[in-house]
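# Fold and geometry: a report
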Amino acid sequence: MWNLMFLSWAYLLLLPLLGIELVQATLQGALPTSFSLSLLGLVLIPTAASIAGGKGRFRTWPALLMRLFYGVELPLFGLCLLRLFILRELNPISAGFLVFLAWAMVSFALEIAVGYAAQRPLLATVQLVSQSVVLLLGLYGGTLLLLYVIPSLCGLGYSVITALPSILSFRWLGDFLRELVRYPTILFSITLGGMLLLFSCTLFVILPFAFCHLYTQSWWRIAQAYGKQHGRKGAMAVTGTVAIVATLLFTASVQTPQSQVQAFAQLGLRDQGDVDTALVSRLGEPVTGSADFSAAAVVENLDSIRAGLLNAYLHRYRYLSPQNQVDGLAFFYEETTALRPSIIQALQHFHNYLIAPFLYQGQADDPEVAATVYAQIFDTPIQRGERQAIQAALQATWNRDEVQAGLLNINQQVIPLTLQQVTVTPQGEWGTVEIQERYENPTWQDEEIFYSFALPETAVITGLWLGDDENPRRYPGVVASRGAAQQVYTQEVQRQVDPALLEQVGPRQYRLRVFPVPAQALDNEPGHARMVLRYQVLQTPEGWPLPQLTERRNVFWNRKTVRERQDQPLKARDWDPDYGWFEPTLALAEPTTPTTHQITLEQHRITATPAADLPTAAPIDPSSALAVVIDGSYSMTHHRQELAQSLETLQTLNPGALDVYLTAATGGTPQVLDSLSPQAVATLPFYGTLSLAEMVQQFEDLQATQPHLAQAQADSGDRPPHYTGIILLTDEGSYELETDRPTLAIPPAPLWLVHLGGILPAAYEDSLITALDSSRGGVTTAVETALERLRRDSAAGSELRLVDGYGWQVQPLAPGAPGAATPEADPSFAPLAARQLILYQSRHSAMTQLASLDAVHRLAQAHHIVSPYSSLLALVNDRQREDLAAAEQQDDRFDREVETGEETLTDPSNPVSTNAIPETGTLLGITLGSVLLLGILRRRSRSSLLDP
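From a predicted model like this one, the values you see are computed outputs, not experimental measurements. (Residues numbered from 1 in each chain as written. Predicted model: local features only at pLDDT ≥ 70, side-chain atom pairs only at ≥ 80, totals over all residues. Heavy atoms only, no water.)

## Quick look at the overall build of the chain
Using the following cut-off: Helix and strand assignments follow DSSP, with helices taken as H or I runs no shorter than four residues and strands as E runs no shorter than two, numbered in order from the N terminus. Contact definition: two residues touch when any of their heavy atoms are within 4.5 Å. Accessible surface is estimated by sampling points in the Shrake-Rupley manner with a 1.4 Å probe; for residues, cover comes only from the protein chains shown.
Counting secondary structure elements, the chain contains 31 helices and 26 strands. Taking the contacts inside the chain whose residues are at least 6 apart along the sequence as the reference set, 79% of them involve residues at least 24 apart. For the chain, the computed accessible surface area is about 42600 Å², with 59% contributed by carbon and sulfur atoms.

Dropping the structure here:
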């Protein structure tokens, strides 16, 4: 009967509604194969058992059919349920348990099918070993289930007594029949599901008795036969050995500290909540070696510490519950029985010991602690550093929506890019590049897409539109102050309303977010959205530069993506998969010879002169000094060789003095290095996390320790003389770990960030952007580029910047001066010039003052461009515009927060806590039929013991 009802529910309701979506999710990789197989097993196991039950000996021996149902089908069905709902991501303990359980199922089934292997002694011994496992698991599973069946039966009695008058009154029957006539399909589904639930609850009551009884009898059959053939002592020895080994394994799994316990112990975290004082202060002590814990100990145990912190972060997915939160059984007994509290607590402790291998040895808030400690040690957020492991854990959940939300948090591919069009309108040496993209959303929820990309330093973004297929430019972007734009975008995303935001987050870096790409419609038609981006850029010998991706979230492309260039389809053979979002450049139709351009904006003359027309730069003054600052954080461990090569290049190409500063994480000691040999670099103590702003500040504090600078200060009676340049050697870094700083002292010389590894970071904190612009510095991935820019800028003078093949000069003009009111005839040059004027004003104004920020913002609004201080925000209704207008009036309108990118993971339910235990009223579905079926089972099980 249960098989018939379940298969009717599965084939008539479940598979038509969810089957296609789940198959597609599996093929697309959104669901792991093991998860899909477990779900498939829920349908195939009852189907196979029903087919097998109608054939052979099962038709003539009902007792065998009962053994098949209770001994094989229901445990295998429960195994799939465990995998889907309880054991999410498998750890070694849970995986081993499933293996032993499957082993027991197969052994029991073979005993039913073929009996005892009397003719093969070795196989008979293996069979007895397997049946011993069957015995142990039968006793274990039956005991564990019985602990829940007892309060369930007590609750059943209460529920039946309280509900019986209402049921027998039959007042509900009229409404039921009327609804049945109006909505027969829905009521059929509800009725069938209710009956299935009723029988399932009944089976739950019977299962511990049947499980224990049938498995014990199966073992006894084989043990008796083995004893007759090889002696009873031999049979008992085999079973006893298996029992001892199983007990030892169980005890070891309970008593062995989990990886996070070892990691916290290695870090000295006795109080797991006291992260800063217990960990960071100790990380700084290895240099002196006087503490009982040092960074050297951290470095020696990095692998185990990393594994332990990850285990703590994902414990909600890998374990049933923290040990101190297993109290659901006691609550269940308190609600349904009148047992003394001491007995209830004894039952709870016994239950906790039985499931101890599946419990987490820690606290519920350990994920937060682990994330903090991980960032402090490994210099990257745990969601970035352990992306694949977290992605796998998030997939191991039964809720389809949780899968997508979780994967969304860690940059999974969700939204396909279906169309990408690029057109360039040349305007002499520069051109206007327009990009149009179309996105489709095949999911049932609105999604956000995210791009982080880089453009040439002189490029300027002039337009952003959000729309649909009917009108791709339906909602144009407006220029807004960076803080106000971020605030409005964030609140609109929370309201599930369409905005789009484009920000400049570095000298060359930009960040684009579009929300939402609408969910698919009820007819399974994918939702879609279009985005149009426009920017101006100077030509290069290779062609027109296109955006180069540094990070993407949600959006992805494949062979089905249609790409068009200059209204012509891009053939598959012309596309290199290594390109990423775009190819590096788009070929020039006709190269243009660079010429000088000049324009007047806001009482300033901006001139762009081709580099070839500028005087040759003078060699570097041998008496000059260059400061080199080394990032001392942990992530630099992976770049020791590149660091040594960069230092060697600096010594070779720079004839002047080279002062090298080593920064240190919190608790460490920044220092000036005397040796730059490869051997010295190989021993540098890289550990912990440092922000770029902290490195700059440590350099400022260390300058006075340099002897030649201190002597120069004494001679002049002033602060130490400026270096000709400051080169900070770092890696890609972790923007997400930066902290918001209201101000950062402007470096005394051009600050250049050289990112080893060839990858620019996705973004910089705003005060650092201001420091780079104000010092006439920049960012690059090669020390040769930084040295060349320093040399040419130094030779050209304080107001000439050599970048992207042109020398850019901004000259203030007095009111009424010749040319002060005469703009360039070609207005298309104005956006490029306005960008340079904003950079100029940031070097000559106090960019912490609202008046200075408002001045550069007005300039960006006048020319409709994006700058480090102004963003483009596409709004779709008047309320959003009113919110933006109000935000633009606030004093914090330029205060943009660092976006960590860390989102809250789904929180799987705790199946053994108080909140997981149902109220007594929900037990109404368990009826007195369980008692009747239990009696039938007992009668048939007696006969099954006598059947061969």
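## Regarding the packing of helix α6 (residues 121-169) against helix α16 (residues 341-354)
What counts, and what does not: Helix axes are fitted only over the stretch in contact, all axes being lines through C-alpha atoms; the angle between N-to-C directions runs from 0 to 180 degrees. A crossing counts as left-handed when the near helix is turned anticlockwise from the far one by less than a right angle, and as right-handed when that turn is clockwise. Each residue receives one of three labels: charged for Asp, Glu, Lys and Arg, nonpolar for Ala, Val, Leu, Ile, Met, Phe, Trp, Tyr, Cys and Pro, and polar for the others, Gly being one of them.
The geometry of α6 relative to α16 is characterised by a closest axis approach of 11 Å and an angle of 145° between their N-to-C directions. Note on packing geometry: the crossing formed by α6 with α16 is left-handed. Contacts between α6 and α16 involve Tyr140, Thr143, Leu144, Leu147 and Tyr148 from the first element and Leu347, Phe350, His351 and Leu354 from the second. Each residue belonging to the contact of α6 with α16 can be placed in one class, and the counts come to seven nonpolar, two polar and no charged.

## Things to note about the confidence of the model for the chain
So the rule is basically this: Values of pLDDT, which run from 0 to 100, indicate the predictor's confidence residue by residue.
For the chain, per-residue confidence averages 81 on the pLDDT scale, and 80% of positions sit at 70 or higher. Low pLDDT, under 50, characterises residues 399-410; the predicted model gives this stretch 35 contacts beyond four residues in sequence or across chains.

## What to know about the sheet that holds strand β17 (residues 604-610)
Here is the rule we go by: At least two bridges found by DSSP between two strands are what make those strands a pair.
The sheet built from four strands is open, its strands ordered β16-β17-β25-β24 with antiparallel pairing. Strands at the two margins of the open sheet, each flanked by one partner only, are β16 (597-601) and β24 (800-803). Each strand of the sheet is rotated relative to its neighbour by a mean of 20°, with strand direction disregarded. Note that β17 and strand β25 (residues 806-812) share seven bridges and pair antiparallel. Bridge pairing links Pro610 to Tyr806 in β25.

## Description of the sheet that holds strand β22 (residues 751-755)
Reading across the sheet, the six strands line up as β20-β19-β18-β21-β22-β23 and stay open at both edges, with mixed pairing between neighbours. The strands lining the two open edges of the sheet, one partner per strand, are β20 (671-673) and β23 (778-780). Strand-to-strand twist of the sheet, defined as the mean angle between neighbouring strand axes without regard to direction, takes the value 25°. Pairing of strand β18 (residues 625-630) with strand β21 (residues 725-730) involves five bridges; the strand directions are parallel. Bridging from a neighbouring strand, Ile630 pairs with Leu729 of β21. Sheet strands in contact with helix α24 (residues 692-702) are β18, β19 (657-662), β20, β21 and β22, and its direction is about 135° off that of β21.

## Details of the side chain of Ser774
The test is simple: For each residue, the accessible area found with a 1.4 Å probe, counting protein chains only, is set against the maximum for its type, and the residue is called buried under 20%, exposed over 50%, and partly exposed in between. Within 3.5 Å is the distance limit for a polar contact, defined as a pair of N or O atoms, with the added protein rule that one can donate a hydrogen and the other accept it, and that residues adjacent in sequence qualify only through two side-chain atoms.
The topology assignment puts Ser774 in helix α26 (residues 766-774). Residue Ser774 is classed as buried on the basis of its relative accessible area, which comes to 15%. Separated by 2.9 Å, the side chain of Ser774 and the backbone oxygen of Ser842 make a polar contact. Among all residues touching Ser774, those that are not within four sequence positions of it are Ile746, Ser842 and Arg843.

## A short note on the nonpolar core
Keep this limit in mind: For the purposes of this section, nonpolar cores are sets of buried Ala, Val, Leu, Ile, Met, Phe, Trp, Tyr and Cys residues that join through side-chain atoms within 4.5 Å.
Counting residues in hydrophobic clusters, the biggest one holds 66 residues, and the most contacted among them are Tyr439, Tyr451, Phe453, Ile461, Leu502 and Trp808. Ranked by residue count, the leading element in this core is helix α28 (residues 830-844), at seven residues. Once you skip the residues sitting within four places of it in the chain, Trp808 turns out to touch Thr458, Leu538, Ile606, Thr607, Ala608, Glu799, Leu800, Arg801, Val803, Phe829, Leu832 and Gln836. Ranked by size, the runner-up nonpolar core spans 43 residues in total, among them Val72, Leu87, Leu137 and Phe211.

## Regarding the environment of Asp854
Within the fold, Asp854 resides in helix α29 (residues 850-863). Along the sequence, Asp854 and Arg893 sit 39 residues apart, while their C-alpha atoms lie 9.7 Å from each other. Not counting the four nearest positions on each side in its chain, Asp854 is found in contact with Arg893 and Phe894.

## Let's talk about the packing of α6 against helix α9 (residues 232-255)
Using the following cut-off: Orientation is classified from the angle alone, with under 35 degrees giving roughly parallel, over 145 giving roughly antiparallel, 65 to 115 giving roughly perpendicular, and any other angle giving oblique.
Two elements in contact, α6 and α9, have axes whose closest approach is 9 Å; the angle formed by their N-to-C orientations is 50°. In this view, α6 runs oblique relative to α9, as classed from their interaxial angle. Every pair of crossing elements has a handedness; the one defined by α6 and α9 is right-handed. Along its contact with α6, which presents Leu128, Val129, Ser132, Val133, Leu135, Leu136 and Tyr140, the element α9 presents Ala235, Val238, Thr239, Val242, Ala243, Ala246 and Phe250. The residue inventory of the contact of α6 with α9, partitioned by class, reads 12 nonpolar, two polar and no charged.

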